[in-house]
Each structure stands twice: as structure tokens, then as C-alpha cells.
Amino acid sequence: MKLLLRIHSERKRFFRSTNKVATITYQPSTAAATGCAKPSIGFIFCQSIRDHYKLSMFLFSTVVVLCLITPAAIIISAKNHSDGPATSSTTTSSSPSAPTQKHHILRRGLWGARSPLNPLQPLRPPLAVLIVTETGTATCGDLSKCFGAMQNLQNSHVGIEHLPDIRYNFVVGGDGNVYEGRGWLVQNERKDNSVEVAFMGEFSEQPLEQFMALTGPWLIEQGVKGGYLRNDVKVGCANRTGGFLCGEASLWAVKGNGGGGRTSH
């Protein structure tokens, strides 16, 4: 009897312990729920991978947004630029069908001028007279050739005519640019308080190119605006100057000033 009771007691204790084992389940931690192991080196590594994954997704999303926005911004900017106002530039045109030509005054240093041999007398602006003449040499059609032509003129005036410098205040090249000789503030060889402007070439038998002829009135306008020439400046033509050039110069006189005649020089 005692043996049966003991066996029964052992069986109850056995089944009680078995039920406890059966009901034990692993309660996942926060780390396990996220796919990582319990806190350990492996857990830290897993957590780092997850953080880098989030950062990578954020960067990827940012790149996608920029790729979508940038082309649209470029297109809008290009359209606004093309529709905006054009920058102003100095141009001349005598009629709607005439070619448009930009003019520039190129300083002595640009074409390689040498310094005058001796000091020169100053002019007293604003000046009342502008004299037009021609160089009597071949014309020039681009910067390189005009630079060389200006150097040749200075060499001739100084070396052959024994002048202290190139004789003209300005020279108009065949490219439509104005090349500074003595400039607005230095007396020319006339020594009559005038500005002498020479056109590169010889114009007794051939007319000026249109854009070259337009340089004359443009230069006068610049002189008036800068205070170097009077508003009623008279435009004269030197003797031995080609008729085609003098004919053009007669049209440059400021309206009502009676300019355009030949001088005695």
C-alpha cells in the first residue's frame, strides 16, 4: 500500500514538472522583435546595420527628389534668361537694312605705341573743331593688321618726318574701330586746338565701307558725351583728302553748326 502511494506521488510530481516545462515559452525582447539578438556584440552590429539602412534610404530619397527638381529648374532658368532684356552695346546703323557694327576706342597700349620723344602740348577741351583726313596708306581689315598699320604710321611719322609722335589724335581702321593716337587731350601737329581724325586708306577714287563711314559720327558723339567736343563742333576736311571721305564728313556736322568745309591745312 505504501508502495502504491509512493508511486502515485512520484507520478503527480513528474506530470507537474512536465507541465511547467511545456508552458515555458521564450518572451522575445525588443531587440529580438526587431530581428536582432539579445544585447551583445552581435546585437550592436545588427543595430548598426539597421541604422545605416535607414540613413541609406533617406539619402536615396533625397537624390531621387533632386533628380526630379533640378532639370525643371534648369529649364525654367534657361527660359527666363532667353526671355530677359538684352544687354546694351554701342552700335550704329543708318537704316533698318544696314549692317550693325560695334565700335571701340582702342588705347595706345593695345596697338603697341611707343612713348612720345618729347613732351607734347595739351588741348583745352571742349574743342570746337574736328578735322577729318586720310592716311594715304593701305587700309586694314582686322585687329592684327590694324595694330601693325598703326605701328608703321608711328614709325613713319617719328623716323621719317621727325615728329615726336604719331601725328593724329585718332585713326579709324578698316575694321570700324578707332585707334588712339594722341587722344583727346594732346595737341596734334596742327597746333590749333583741334582734334584730327585720320581714316586708314585713300579715298579719292573709292568710297568708304559703310560701317567704316558710320564710325565718324559715332566718335563725334563719344567726344560730345565725354566733354571733349562742343555740342556745336564744326567738322572740317583737310586738303588733299579724298572726295569720297570729305563727302561723308560733310554729313557728320552737328545740325545747324555750318561744318563740313575744307580747311587750309
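No experiment lies behind these values; they were computed from the predicted model shown. (Residues numbered from 1 in each chain as written. Predicted model: local features only at pLDDT ≥ 70, side-chain atom pairs only at ≥ 80, totals over all residues. Heavy atoms only, no water.)

Undergrad: Would you mind going over the overall build of the protein with me for this structure?
TA: Within the protein, the regular secondary structure consists of eight helices and eight strands. Going through the 265 residues of the protein one by one, you find that 32% of them count as buried. For the protein, the share of sequence-separated contacts (at least 6 apart) that also reach a separation of at least 24 residues comes to 71%. A total accessible area of about 16,800 Å² is found for the protein, and carbon and sulfur atoms account for 61% of it. (Helix = DSSP H or I, 4+ residues; strand = E, 2+ residues; numbered from the N terminus. Buried < 20%, exposed > 50% of the residue type's maximum accessible area, 1.4 Å probe, protein only. Contact = heavy atoms within 4.5 Å. Areas by Shrake-Rupley, 256 points an atom, 1.4 Å probe, with all protein chains shown as cover.)

Undergrad: Quick question: what am I supposed to make of the side chain of His103 here?
TA: The residue His103 is located in the loop between strand E2 (101–102) and strand E3 (105–106) in this model. On the accessibility criterion, His103 (3% relative accessible area) is buried. One polar contact links the side chain of His103 to the main-chain carbonyl oxygen of Gly176, over a distance of 2.8 Å. Within polar-contact distance, the side chain of His103 engages the side chain of Thr215 at 3.3 Å. (Polar contact = N/O pair within 3.5 Å; in protein donor to acceptor, adjacent residues only side chain to side chain.)

Undergrad: What should I look at first to understand the sheet that holds strand E4 (residues 127–134) in this one?
TA: Across a sheet, paired strands are connected by hydrogen bonds in the backbone, their directions being either parallel or antiparallel. Across the sheet, six strands lie side by side as E3-E6-E5-E7-E4-E8; this open sheet has mixed pairing. Because the sheet does not close on itself, it has two edges, and the strands there are E3 and strand E8 (229–237). Sheet analysis places E3 next to strand E6 (residues 178–180), joined by two bridges and oriented parallel. Counted as the bridge partner of Ile105 is Val178 from E6. Each of E3, strand E5 (170–172) and E6 touches helix H5 (residues 143–159); the most contacted strand, E6, lies at about 40 degrees to it. Its contacts with the sheet put helix H7 (residues 215–225) on E3, E4, E5, E6, strand E7 (195–199) and E8, and the angle it makes with E8 is roughly 145 degrees. (Pairing = 2+ DSSP bridges. Axes fitted to C-alpha atoms, helices over the stretch in contact; angles between N-to-C directions.)

Undergrad: Please explain the pairing of E7 as it appears in this structure.
TA: Each regular strand carries side chains that alternate between the two faces of the sheet. For E7, a buried count of five out of five residues is recorded, marking the element as mostly surrounded by other parts of the structure. Where burial is concerned, the two faces of E7 agree: the one with Val195, Val197 and Phe199 and the one with Glu196 and Ala198 are both buried. Pairing of E4 with E7, which is carried by five bridges, proceeds in the parallel orientation. Across the sheet, residue Glu134 finds its bridge partner in E7, namely Phe199. Pairing analysis gives three bridges linking E5 to E7, with the strands arranged parallel. Within E7, the position partnered with Val171 by the bridge is Ala198.

Undergrad: How do you make sense of H5 when you look at a structure like this?
TA: Since the α-helix advances by 3.6 residues per turn, residues separated by three or four positions end up pointing in the same direction. For H5, spanning 17 residues, the distance from its first C-alpha to its last is 24 Å, which sits close to the expected 24 Å at 1.5 Å a residue. For H5, the set of buried residues is Cys146, Ala149, Met150, Leu153, Gln154, His157 and Val158. The buried side chains of H5 occupy one side of the element, clustering within an arc of 160 degrees when seen end-on. More than 90 degrees from the buried face of H5, the exposed residues found are Ser144, Lys145 and Asn152. Summarising the contacts, the buried residues of H5 are in contact with helix H4 (108–111), E5 and E6. Two or three places before Ser144, at the start of H5, stands the capping residue Asp142, its side-chain oxygen 3.2 Å from that residue's backbone nitrogen. (Expected span 1.5 Å × (residues − 1). Arc of directions from axis to C-beta.)

Undergrad: What's the story with the nonpolar core in this structure? I'm lost.
TA: Soluble, globular proteins show a tendency: their nonpolar side chains are buried together. Membership of the largest hydrophobic core comes to 24 residues, with the highest contact counts inside it found for Leu130, Val132, Val195, Val197, Phe199, Leu229 and Trp252. Sorting the residues of this core by element identifies E4, E5, E7, helix H6 (210–213), H7, E8 and helix H8 (243–249) as the ones contributing at least two each. If near-sequence neighbours (up to four positions away) are discounted, Leu229 is found in contact with Pro126, Leu127, Leu130, Trp184, Val195, Ile220, Gly223 and Val224. Listed in part, the 13 residues of the second largest apolar core include Cys140, Leu153, Ile166 and Tyr168. (Core = buried A, V, L, I, M, F, W, Y, C linked by side-chain atoms within 4.5 Å.)

Undergrad: Got a minute to help me understand the state of the cysteines in this structure?
TA: Using the criterion set out here, one finds two disulfides in the structure. Across the disulfide, Cys140 is cross-linked to Cys146 (sulfur-sulfur distance 2.0 Å). Taking the sign of the S-S torsion, 95 degrees for the link of Cys140 and Cys146, the bridge is right-handed. The class of Cys146 is buried, set by a relative accessible area of 0%. (Disulfide = S-S within 2.5 Å.)

Undergrad: Explain the confidence of the model for the protein here, please?
TA: Low pLDDT means the predicted atomic positions in that stretch should not be read closely. When pLDDT is averaged along the protein, the result is 74, and 59% of the positions lie at 70 or above. In this model, residues 20–37 is a region of pLDDT below 50 whose contacts with residues beyond four sequence positions or in other chains number eleven contacts. Long-range and interchain partners of residues 255–265, a stretch whose pLDDT sits below 50, account for 30 contacts in this model, where long-range means more than four residues apart. (pLDDT = per-residue confidence, 0-100.)

Undergrad: Before we go on, may I ask you to explain unusual backbone geometry in this structure?
TA: Between Pro125 and Pro126 the backbone carries a cis peptide bond, its omega angle lying at 5 degrees. Looking at the element boundaries, Pro126 is found in the loop between H4 and E4. We note that Lys191 has phi near 55 degrees; this positive angle belongs to a residue other than glycine.

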